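Examining the three-dimensional arrangement
Given next are the chains, with one letter for each unit.
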Amino acid sequence: MGILNKLDNSVEQFESGNIIITSMDKLLNWSRLSSMWQMFFGLACCAIEMMATSASHYDLDRFGIIPRPSPRHVDIILISGTVTLKMATRIKRLYDEMPGPKYILSMGSCSNCGGPYWEHGYHVLKGIDRVIPVDVYVPGCPPRPEALLEGLIKLQEKIRNQSLAKHTA
Amino acid sequence: MEINDIYNKLKKAFDDGIGEVKTDVPVSPFIFADRSKINAIALFLRDEESLQFDNLSCLSGVDYDKDNLAVVYHLVSYALKHSLVVKCLIPKSDPKIQTVSDVWAAADWHEREAFDLVGMTFEGHPDLRRILLPDDWEGHPLRKDFKVPEFYNGMKVPY
Ligand code: SF4
């Protein structure tokens with residue numbers, strides 16, 4: 001059973017039958033990290049790389065990451081590119097409209113810290129973390145799909161170690 | 001048609017509405033025009049049989065020098081396959097110029113952009129609002145004396 005492999009070795013299975021025993025924490029975390037639905041949202045040049053990652057060669061779908069066109073449906077936003085101040089107000093609003101638990105992956109130098117616009121970009125937000133909390137930063141300008149995938153796997157790891165007892169997101 | 005022929009034609013039609021022609025420049029040669037006659041000049045450039053500048057390929061706003069802003073018009077004639085650059089100086093003390101959006105529809109958004117970033121007003125423009133920056137933005141950032149604000153809507157702007 002593929003599910004069992006993913007749930008890791010703390011899961012017990014009855015010897016005969018389709019019943020497993022696990023903790024609520026593990027089950028919740030597993031379902032969350034296996035279906036991180038993503039906001040249908042791309043910003044600048046990094047978005048091109050994000051699209052490449054979604055396409056068949058790298059295939060984000062195999063991680064359960066599919067784009068959804070409404071903030072009500074999504075669990076993560078990939079902030080994929082230059083965040084202008086005008087866009088930042090919109091992102092903040094989209095973030096507020098997302099149901100929790102919600103996660104942010106900041107992709108590329110621009111959204112990490114302003115990127116090439118750090119000094120003369122009068123209209124660029126110097127890091128999306130000035131507006132919303134970020135879970136994973138992926139460096140690069142733009143990051144290659146491999147880097148983005150690693151960022152997403154890091155995020156999965158983070159979710160895997162969450163616990164209902166501790167408030168995170 | 002060559003720039004000097006165009007210049008003579010314009011000079012004949014508009015006299016002091018046309019300034020000097022500059023050909024000894026590293027960029028395309030250009031003609032200065034008067035900002036308060038530019039609408040009529042544009043119409044002439046478009047409709048005159050021997051000019052037929054049917055396409056405004058670019059309109060830019062510039063912070064030109066200490067005292068002046070400028071609007072630069074890049075014109076192309078598909079019909080006659082020649083091109084022209086026209087510049088209008090606008091004193092910073094009175095940043096106004098006539099619109100050409102009724103002559104070339106392409107000027108509509110270009111003029112909004114020039115207004116948004118450089119801050120000259122296009123008189124007669126049907127809908128002169130900011131086009132790129134947020135509506136509540138203060139100032140025109142491509143002016144050389146623009147100071148980056150410390151905060152915008154509670155977000156810190158400098159690095
Ligand atoms: S980090 Fe580089 S590639 Fe990504 S949006 Fe910014 S400038 Fe473009």
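This text follows the structure it describes.
One structure accompanies this document, and this report is about it. All values reported here derive from a predicted model rather than from experimental measurement.

Turning our eyes to something else, we now look at the packing of helix α2 (residues 24-34) of chain A against helix α6 (residues 145-160) of chain A. Residue and element names in this part refer to chain A. Axis separation between α2 and α6 bottoms out at 8 Å; the angle between their running directions is 160°. Looking at the two axes, α2 sits roughly antiparallel to α6. α6 is crossed by α2, and the crossing has right-handed handedness. Seen from α2, the contacting residues are N29, R32 and L33; seen from α6, they are Q156, I159 and R160. Across the contact of α2 with α6, the residue classes break down as two nonpolar, two polar and two charged.

Right, let's get into the interface of chain B and chain A. Contacts between the two partners involve 17 residues from chain B, matched on the other side by 13 residues from chain A. Taken together, both faces of the contact between chain B and chain A bury some 1,200 Å²; the carbon and sulfur share is 71%. Summed over the shared surface of chain B and chain A, the result is zero salt bridges. Connecting chain B to chain A are four residue pairs in polar contact (both at pLDDT 80 or more).

On to helix α1 (residues 3-14) of chain B, then. Residue and element names in this part refer to chain B. When the terminal C-alpha atoms of α1 are compared, their 16 Å separation across twelve residues agrees well with the 16 Å that a helix rising 1.5 Å per residue should span. Of all the residues in α1, the buried ones are I3, I6, Y7, L10 and F14. Down the axis of α1, the smallest arc covering the buried residues is 100°, so these residues share one side. Against β1 (18-22), β2 (30-33), α2 (38-47) and β5 (83-91) lie the buried residues of α1. After α1 finishes, the residue D15 shows a positive phi value of roughly 55°.

Residue and element names in this part refer to chain B. Spatially, the five strands line up as an open sheet ordered β1-β2-β5-β4-β3, and their pairing is mixed. Every other strand in the sheet has two partners, leaving β1 and β3 (55-63) as the edge strands with one partner each. Between one strand axis and the next, the sheet turns by 20° as a mean value, whatever way the strands run. Here α2 sits on the sheet in contact with β1, β2, β4 (68-76) and β5, set at roughly 175° to β5.

Reading the values: rules and limits
Residues numbered from 1 in each chain as written. Chains lettered and ligands numbered in written order. Predicted model: local features only at pLDDT ≥ 70, side-chain atom pairs only at ≥ 80, totals over all residues. Heavy atoms only, no water. Axes fitted to C-alpha atoms, helices over the stretch in contact; angles between N-to-C directions. Helix = DSSP H or I, 4+ residues; strand = E, 2+ residues; numbered from the N terminus. Parallel < 35°, antiparallel > 145°, perpendicular 65-115°, else oblique. Left-handed = near helix turned anticlockwise from the far one by under 90°. Contact = heavy atoms within 4.5 Å. Nonpolar A, V, L, I, M, F, W, Y, C, P; charged D, E, K, R; others polar. Buried area = accessible area lost by both parts, 1.4 Å probe. Salt bridge = Lys/Arg side-chain N within 4 Å of Asp/Glu carboxyl O. Polar contact = N/O pair within 3.5 Å; in protein donor to acceptor, adjacent residues only side chain to side chain. Expected span 1.5 Å × (residues − 1). Buried < 20%, exposed > 50% of the residue type's maximum accessible area, 1.4 Å probe, protein only. Arc of directions from axis to C-beta. Pairing = 2+ DSSP bridges.

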